[in-house]
Every structure is written in structure tokens, then in C-alpha cells.
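One-letter residues, chain by chain:
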Amino acid sequence: MGYNLYTFVLMQKAISLIPSEITTGQLHAYLLGAVGPRPIAFASTVDEKGIPNLSPFSFFNVFSANPPILIFSPARRVRDNTTKHTLDNVLKTKEVVINIVNYELVQQMSLSSTEYDQEVNEFIKAGLTMLDSDLVKPFRVAESPVQFECKVTKVEALGKKGGAGNLVFAEVVKMHFDESILDENGLIDQFKIDQVARMGGNWYSRANKGMFEVPKPLSKRGIGVDNIPVEIRSIKMLTGNDLGLLGNVERIPDKNDIAEFIATNDQIRSIVKKRDSKELLRIIREYLDNNEVLSAWKVLLINTDLNGNTRKN
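As a starting point, this report considers the structure included with it. (Residues numbered from 1 in each chain as written. Predicted model: local features only at pLDDT ≥ 70, side-chain atom pairs only at ≥ 80, totals over all residues. Heavy atoms only, no water.)

Counted as a void, the largest pocket has a volume near 1200 Å³. What lines the largest pocket is a set of 39 residues, and nearest its centre among them are His-28, Pro-56, Lys-84, Ser-113 and Glu-115. Considering every element that reaches the lining of the largest pocket, the biggest residue donor is strand S2 (residues 52-57), with four residues. Of the residues in the lining of the largest pocket, the class split is 15 nonpolar, 15 polar and nine charged. Volume-wise, the second largest pocket comes out at about 370 Å³. Every element with two or more residues in the lining of the second largest pocket is listed here: strand S3 (60-65), strand S8 (146-157), helix H6 (190-193) and strand S10 (196-198). For the lining of the second largest pocket, the leading source of residues is S3, giving three residues. The class makeup of the residues in the lining of the second largest pocket is 16 nonpolar, five polar and no charged. (1 Å grid on protein atoms, 1.4 Å probe; cavity = no way out; pocket = protein on both sides within 12 Å on 5 of 7 lines; lining within 4 Å. Points joined across faces, edges and corners; volume = space filled by probe spheres on them. Helix = DSSP H or I, 4+ residues; strand = E, 2+ residues; numbered from the N terminus. Nonpolar A, V, L, I, M, F, W, Y, C, P; charged D, E, K, R; others polar.)

A separate point is the sheet that holds strand S4 (residues 68-72). One open sheet holds the seven strands; their spatial order is S2-S1-S5-S8-S9-S4-S3, and the pairing between them is antiparallel. Looking along the sheet, the strands with just one partner apiece sit at the ends: S2 and S3. Sheet twist, expressed as the average angle between the axes of neighbouring strands with direction ignored, equals 30 degrees. Summarising the sheet, strand S5 (residues 95-100) and S8 pair through five bridges and their orientation is antiparallel. Within S8, the position partnered with Asn-99 by the bridge is Gln-147. Each of strand S1 (41-46), S2, S4, S5, S8 and strand S9 (166-177) touches helix H3 (residues 85-93); the most contacted strand, S1, lies at about 55 degrees to it. (Pairing = 2+ DSSP bridges. Axes fitted to C-alpha atoms, helices over the stretch in contact; angles between N-to-C directions. Contact = heavy atoms within 4.5 Å.)

Here it is, written out as C-alpha cells:
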């Protein structure tokens, strides 16, 4: 048959699959796990009434410089074959702003991927700033290091079933670059831009650091950055990523949660007794860095109370 021992060993270590013989969900997982890292199009659109929408898509790349064409693909939902607000909007308005995602934006970007209702503004939920565009109606993300204002030239549907992509051809009509990412020649410094890309599952890749994990937004919808008390949002040490993490909880801990936390934590109980806000802030930083978000929330609320601020539970 022409097989040798080496061929046999290789065959034993591999699996072979025919796409039509596995579920769409399984196929989706294999494709996204294998094809990466994928750049992220943080797409801003508006509907015919001018209501903003903001959502990330990792089926994205640049395909032409003359004319300058970016293509991203909002796929039909696998679970129920519905379309996303971004696709509905570009079909009606023919405009989009594609914002580039760097590491400083990744948690807020992830939070914005929550499937909020049509009238909910993801800019507000993710704690991001709407910046007027010059040539199109959708807003830019002010915190993004690069923003492309685009006219949609065509949308090509790749199928009608759940999981089918829709290629959005976006011609760049104006570009915006934060000066902080440019080198001495006015070009983009690949280290300074600090881009992130999508991998499979919960995994991302940081271009100049390697892989890291970002938990997906809650299926029951996070509260959003806009529902974080002002006295907490104004704490200087909290970054945009921190706010994105804090906004991705189903509810804010209440007095009972906090009382139980203090009662079962000797270190926190001692710090509260000493009214040591500086130490509490250090612990908050530690919890956030370790993705222990609910614990960070509880200490934040304790710190707020110690500083004499009022809050609602």
C-alpha cells in the first residue's frame, strides 16, 4: 500500500472530520481554534433612527490598499439563525467606523460584545467615549488608537443558515491615528500600538507579549460600566480594563454579601478595623489583577463606605 511506520504514526495522531458531519457549533469551535490570531474589527454603526451600536468582530482583515478596503463578517447566530444589529445597520445606512483594539481596550471591548437590546448604547455600557466622525454618521471610539471611517460598498451573504457569514466591504474614506503610537517617521510603531487578536475559546493574543485570557461577558448580561457608582468609577487607579471587568457582573454585591465577606476574611476585618484605605486599595488591585472580580467589588464598596460616601444596594 506504500505505507511505512512513520506514516502510520502520523495517522494515529490525527483526526479527520468532514464539516457536514459535525454540528455547526463544533465546526465553529474548530475553525476559530485553528485560524488565529485574528484581528478585531470594533465596529461602530447607527440604525436609521441614529441609535448607536458598537460590537467586535474577529472575522476581519484588510484586503486592498487602492481602493482601501476592509472586510469584516457579522455571522448569523448559530443558536437561532438571527442577524446581529451591526449587520442590520450597515444594510440600512451603508456606513461603519472600524476601530482598532489595543490591550488597554480589551476588557471594555469584550463587555460590549454582550447582546444588549437594540436601544441600549454599548458605548455607555462599556464606558467608552463617543467621538463624532467627520464623513460618516457612526461615532468613533475615542479610546481606540486607530479609527477608520468607512462607506459600505456591498454586503455579500455567504449563506442563509445559522453560522453563515456576511462579508461587509468597507471602503476607508478617512483615517485617524493617535500620535502616541507613531514612530519618528510618522508611521505606526508596532510595539506602541500594542494590538490584541482573537484566538479560540476565551483566549486572546497580545502582539508584543503573547497569549492571555479574557473571560467572555456574562450570558445574563453584565451591569455595564454605566451602573458602577460614580465614587468608584472616579478612583484614579482604576483603568478602562478594570472598569470593563467590574461592569461584567450580574449584580453589585449587597450589604449581606459584604458582611459575610468581612466575617470570613481575617485580613479584611483587621484592615477595616484600622480604617486603612491605602491597604484596601492595594488589595483591590491584587484582586483585579487575578480576575477575582466579586472580591474586588466587595473591597471597593468597603473602601467607599470607609471614605464616607453613600451608596445604594
